[in-house]
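# Examining the three-dimensional arrangement
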Amino acid sequence: MKKIGLLFSAILLVFTNFAQDFNGDWYGELAVGGMKLPLVFHIAKTEQGYTSTMDSPSQKAMGMTVDNTEINGDAVVFDLTSIGARYEGKLNAEQQLIGVFHQGGQSLDLVLYKPKSEEVVHTFVRTQLVSPPFPYYTEEVTFENKSAGITLAGTLSLPAKKGKFPVVVLISGSGPQDRNETILDHEPFAVIADYLTRNGVGVLRYDDRGVGKSTGNFGTATTTDFSTDAEAALNYLKQRKEVNKSKIGLIGHSEGGIIAPMVAARNKDVAFIIMLAGPGLPGAEILALQQALIARADGATEADIEKNAAISKGLFAIVAKEQDAAVTTQELKAYLEKELNALPDSLKNGSTEKMIAEILPGVDNPWMKEFIRYDPRPALRKVSCPVLALNGSKDLQVPAKENIAAIEKALNEGWIERGKKEKHIELCILDGLNHLFQECETGSPREYGEISQTFSPQALTKMLDWMRDQGIVK
């Protein structure tokens, strides 16, 4: 009787999956660095098969084309080549798609389901919304990165339609970002652009390559590649008659704080840079500090933190060798297998093979390998323009104390090497602010979406006051 019952259940399950209507909206949340990022897939059946689009509501990225939609029985595959992403899922008995979302070398679990019509998917309160009409001029613009063969799209805001103004380029942090650096319904770059433009400083902000209206492939790009995009923005501004070419600056957040010194080091036309939570230490050191701080804030034991740090240190050491890519992959796999097999089952999240499949893509990809190897200090030593470096005291992603000290040391070493005294360098740790420059409790990424403030007025005022001190704006 048991065999008959099991067979009958299996037949019902197969029949149910075959008859399943995948049409409609499928909702899920990605757990990314302690944050929850809502995603919605819209599936439609046509005579030629299935088509779909994807929304990332908290990033204001709506209607992204899914280039390939495959549905075979209970298995689903979505490919989004523009952002280098892929989702693979399988329908279970509860009518949920259980799968994995791959992007940028990372593989994250993602469960999709059809929300009830009355269900409220997510609600955020935001106190710094920016919307027209504006008391200044805005223009949708495009410019080319000729070396990469791509076109970048953005928004240029100027204090007025006519005149000559100082202008800054905003450079986003890591991950595929739109021109407003939208995250969890926060739009920090929109807030910064609005504030500065109202106070006499123009702003150019743009969608990352492969995001929004910009062309190119985000998924295969590295920080060095992104620096050429910022350089293209700089060159575009130099062609605009409304721009004071002696007062073009760069403001970079997080990874953008690595890129701004890279561009300034090789372009003397950069009048100044502002680093917002910009790293001053090598990538491997940043990641080690970040992992420990976030894990501790989220309640991990010191023993677990130490074990994770030891495993990560070994991974970073293999990547740092800069050897043949295939050899690196082989060494990383062997190292992970050895380390994970030694862990007690209580610390494992599935089999060793499953864990390797989840961990390896996050390390063994072009962007991460370059980040681990990259040391920002040589570029900082070559920066000769005025620099303002701001960090939040509760930043757990780019810890303030260690990075501000490294930035200051590198900048001063550069001035000494050039036989000049320190000039126009200011470094400041803003009390109580996190990595996004929000006033916060702990600094954990888990708080980002819960905080109503998008960007602290304290940080906005500091940037403007410093620019006034440098004579950039009155």
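The structure displayed is predicted, hence computed values, not measured ones.

Here is what the cut-offs are and how they apply
Counting from 1, residues in each chain are numbered in the order their sequence is written. Predicted model: local features are reported for residues with pLDDT of at least 70 only, side-chain atom pairs are reported and counted for 80 or more only, and whole-chain, interface and lining totals are derived from all residues. Note: side-chain values were computed over all heavy atoms of the structure, leaving out hydrogens and water. By convention in these notes, a salt bridge is any Lys or Arg side-chain nitrogen within 4 Å of a carboxyl oxygen on Asp or Glu. By definition, any uninterrupted DSSP run of H or I lasting at least four residues is a helix, any uninterrupted run of E lasting at least two residues is a strand, and each is numbered from the N terminus. Using a 1.4 Å probe on the protein chains alone, a residue whose accessible area is under 20% of its type maximum counts as buried, one over 50% counts as exposed, and one in between counts as partly exposed. Each Phe, Tyr or Trp ring (for Trp, its six-membered ring) is paired with any other whose centre lies within 6.5 Å, and the angle between the two planes then decides the class: stacked below 30 degrees, edge-to-face above 60, tilted in between. Criterion used throughout: strands pair if DSSP finds at least two bridges between them. Here the axes come from fitting lines to C-alpha atoms, over the contacting stretch only for helices, and the angles between their N-to-C directions go from 0 to 180 degrees.

## Regarding the pattern of salt bridges
Counted by the stated rule, this structure contains 22 salt bridges. In this structure, the salt-bridge partner of R179 is D207, at a minimum N-O distance of 2.9 Å. Pair noted here: R179 is in the loop between β12 (165-171) and α2 (188-198) and D207 is in the loop between β13 (202-206) and α3 (223-237), with a separation of 28 residues, a long-range link. For the pair R179 and D207, one class covers both residues: buried. A salt bridge links E339 to K307; its shortest N-O distance comes to 3.7 Å. With a gap of 32 residues between them, E339 in helix α7 (residues 325-341) and K307 in helix α6 (residues 302-319) connect regions that are remote in the sequence. Through salt bridges with shared partners, a single network forms among E139, R240, K241 and E242.

## Considering the packing of aromatic side chains
A complete count under the given rule lists 13 aromatic pairs for this structure. Judged by centre distance (6.0 Å) and plane angle (20°), the ring pair of F78 and Y87 falls under stacked. Summarising the aromatic geometry, the rings of F143 and Y206 are spaced 5.7 Å apart at their centres and angled 85° between planes, so their arrangement reads as edge-to-face. Here F143 is found in strand β10 (residues 137-145), whereas its partner Y206 is found in strand β13, with 63 residues between them in sequence. According to the relative accessible area criterion, F143 is buried, its value standing at 4%. In textbook terms, an aromatic cluster arises when at least three aromatic residues are bridged by ring pairs, as seen for F22, W26 and Y50.

## Brief notes about the sheet that holds strand β6 (residues 75-80)
One open sheet accounts for 5 strands, arranged β5-β6-β7-β8-β9; its pairing is antiparallel. At either margin of the open sheet sits one strand with a lone partner, and together these are β5 (68-72) and β9 (106-112). Neighbour to neighbour, the strand axes of the sheet diverge by 15° on average, direction disregarded. Two elements, strand β7 (residues 85-91) and strand β8 (residues 97-103), share 7 bridges in a ladder whose sense is antiparallel. Following the sheet pairing, G89 is matched in β8 by G99.

## Here we look at the pairing of strand β16 (residues 387-392)
Most of β16 sits inside the fold, with 6 of its 6 residues counted as buried. Burial of β16 is two-sided: the residues V387, A389 and N391 facing one way and the residues L388, L390 and G392 facing the other way are all buried. Alignment of strand β15 (residues 272-276) against β16, held across 4 bridges, turns out to be parallel. Considered in β16, the bridge of M275 is made with A389. Bridge count between β16 and strand β17 (residues 425-430): 6 bridges; the pairing is parallel. Looking across to β17, one finds that L390 is bridged to C428.

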